[in-house]
Structure formats: C-alpha cells, structure tokens
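# Chain and residue survey
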Amino acid sequence: MSDAAAVHREMFEAVQMKDLERMREIYHPDNAYTGTDGMTAGIDAGIEIAQAFITAMPDLEFEFRHQWSPRDDVSIIELTATGTHTGPLGELAPTGRRVEIFGCNVVEVVDGKILREREYFDEMALMRQLGAIAE
C-alpha cells in the first residue's frame, strides 16, 4: 500500500470515528477540496462536508469497494456510504430514511498530508432516497 493509500484510509477512518481534529491533522495546510458543487479551498472545506454528513447521519459507515494508487502520491477509493438520516442535512430536515450512496474519492498527498481531494457521488440519488425529489 502506498503512502497516499494509507493516508486516504486514515482520513475515512477519522470521519467514521467523528474525529474532525484528526482530519485537520491529515489535511495539508494548502488543501483544496472539490465536491459535487465545485472547488472550495482550505482545510475547513473538507471538514465542513464531513461534519454535515456526520450530523445528518450519525451512523455513517463506509465500505471500500476498490482502492488504487497509480503513484505513491495518489489514491483513489470507490466506496459505498450508508447511513440513516436522523439529523439535518443543510436545509433538509431529518427523514429517518436509510440511504446507500456509491461514490469515488481521489486524493493527492504531499509530505504525508492530503493536498487535494476530489469527491464524486450521485447527489440526485441521495436526494431521491431522502424523498427530497421525486423518483
């Protein structure tokens, strides 16, 4: 396993453990996060996303499907995220629904810390499962 792969898994473990301070330590000071809504620079961007999902789904779990490291400084994880929507997600009130979302997360690691993170998941599928939009 490459250094990037180990750091990448450690980041997801920190989210699952709700250890946002550990996440802060894992991110590079020049971190840039790109999600489904575009790029937000800075360490706080990734932490805010993690906090939003931890708040919305306190039982959030990740199942890694595949992990690749095309280089020592890059890691790609395909995963399934599951959880029960018992807390607010942005402006969406808790629905009590269980969700399962397939996603992909890519990181670039410099000096043992995550410099860039790109995350891809089907936000429409999430909103459908939560009943926020029609099937």
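It should be emphasised that the depicted structure is a prediction, and the values quoted were computed from it without experimental measurement.

By size, the foremost hydrophobic cluster in this structure holds 30 residues, and its most contacted members are Met 23, Ile 114 and Leu 126. When contributions to this core are tallied by element, the ones reaching two or more residues are helix H1 (3–16), helix H2 (20–26), helix H3 (43–56), strand E4 (74–84) and strand E5 (98–110). With residues near it in sequence (within four places) discarded, Met 23 still touches Met 11, Ala 14, Val 15, Gly 46, Ile 47 and Ala 50.

Now for the layout of surface pockets. Computed from the structure, the largest pocket encloses a volume of approximately 250 Å³. Along the wall of the largest pocket there are 14 residues; nearest its centre are Thr 36, Ile 49, Phe 53, Phe 121 and Glu 123. Of all the secondary-structure elements, those providing two or more residues to the lining of the largest pocket are strand E1 (27–35), H3, strand E6 (113–121) and helix H4 (123–129). Among the residues making up the lining of the largest pocket, the classes are represented as eight nonpolar, three polar and three charged.

Sheet topology note: the E1/E6 ladder contains four bridges and is parallel. Bridge pairing in E6 places Ala 32 opposite Arg 116. Relative to E6, E5 runs antiparallel, the two being bridged by eight bridges. Bridge pairing links Cys 104 to Tyr 120 in E6. Hairpin connection between E5 and E6: a loop of two residues separates the two successive antiparallel strands, and Asp 111 in this loop has a positive phi of roughly 55°.

Moving on, we come to H3. The terminal C-alpha atoms of H3, which comprises 14 residues, lie 21 Å apart, in line with the 20 Å expected from a rise of 1.5 Å per residue. Residues of H3 that are buried include every one of Ile 43, Ala 45, Gly 46, Ile 47, Ala 50, Phe 53, Ile 54 and Ala 56, and no others.

It is worth spelling out the pairing of E5 at this point. The pairing of E4 with E5 spans eleven bridges and is antiparallel. Note that in E5 the partner of Thr 80 across the bridge is Phe 102.

For the rest of this paragraph, the subject is the sheet that holds strand E2 (residues 38–41). Read across the sheet, six strands follow the order E2-E1-E6-E5-E4-E3 without closing on themselves; strand pairing throughout is mixed. The sheet is open, and its two edges are formed by E2 and strand E3 (61–71), each paired on a single side. On average, each strand axis in the sheet is tilted by 20° relative to the strand beside it, whichever way the strands run. Across the sheet, H1 touches E1, E3, E4, E5 and E6, and the angle it forms with E3 is around 160°.

What counts and how
- Residues numbered from 1 in each chain as written.
- Predicted model: local features only at pLDDT ≥ 70, side-chain atom pairs only at ≥ 80, totals over all residues.
- Heavy atoms only, no water.
- Core = buried A, V, L, I, M, F, W, Y, C linked by side-chain atoms within 4.5 Å.
- Buried < 20%, exposed > 50% of the residue type's maximum accessible area, 1.4 Å probe, protein only.
- Helix = DSSP H or I, 4+ residues; strand = E, 2+ residues; numbered from the N terminus.
- Contact = heavy atoms within 4.5 Å.
- 1 Å grid on protein atoms, 1.4 Å probe; cavity = no way out; pocket = protein on both sides within 12 Å on 5 of 7 lines; lining within 4 Å.
- Points joined across faces, edges and corners; volume = space filled by probe spheres on them.
- Nonpolar A, V, L, I, M, F, W, Y, C, P; charged D, E, K, R; others polar.
- Pairing = 2+ DSSP bridges.
- Expected span 1.5 Å × (residues − 1).
- Axes fitted to C-alpha atoms, helices over the stretch in contact; angles between N-to-C directions.

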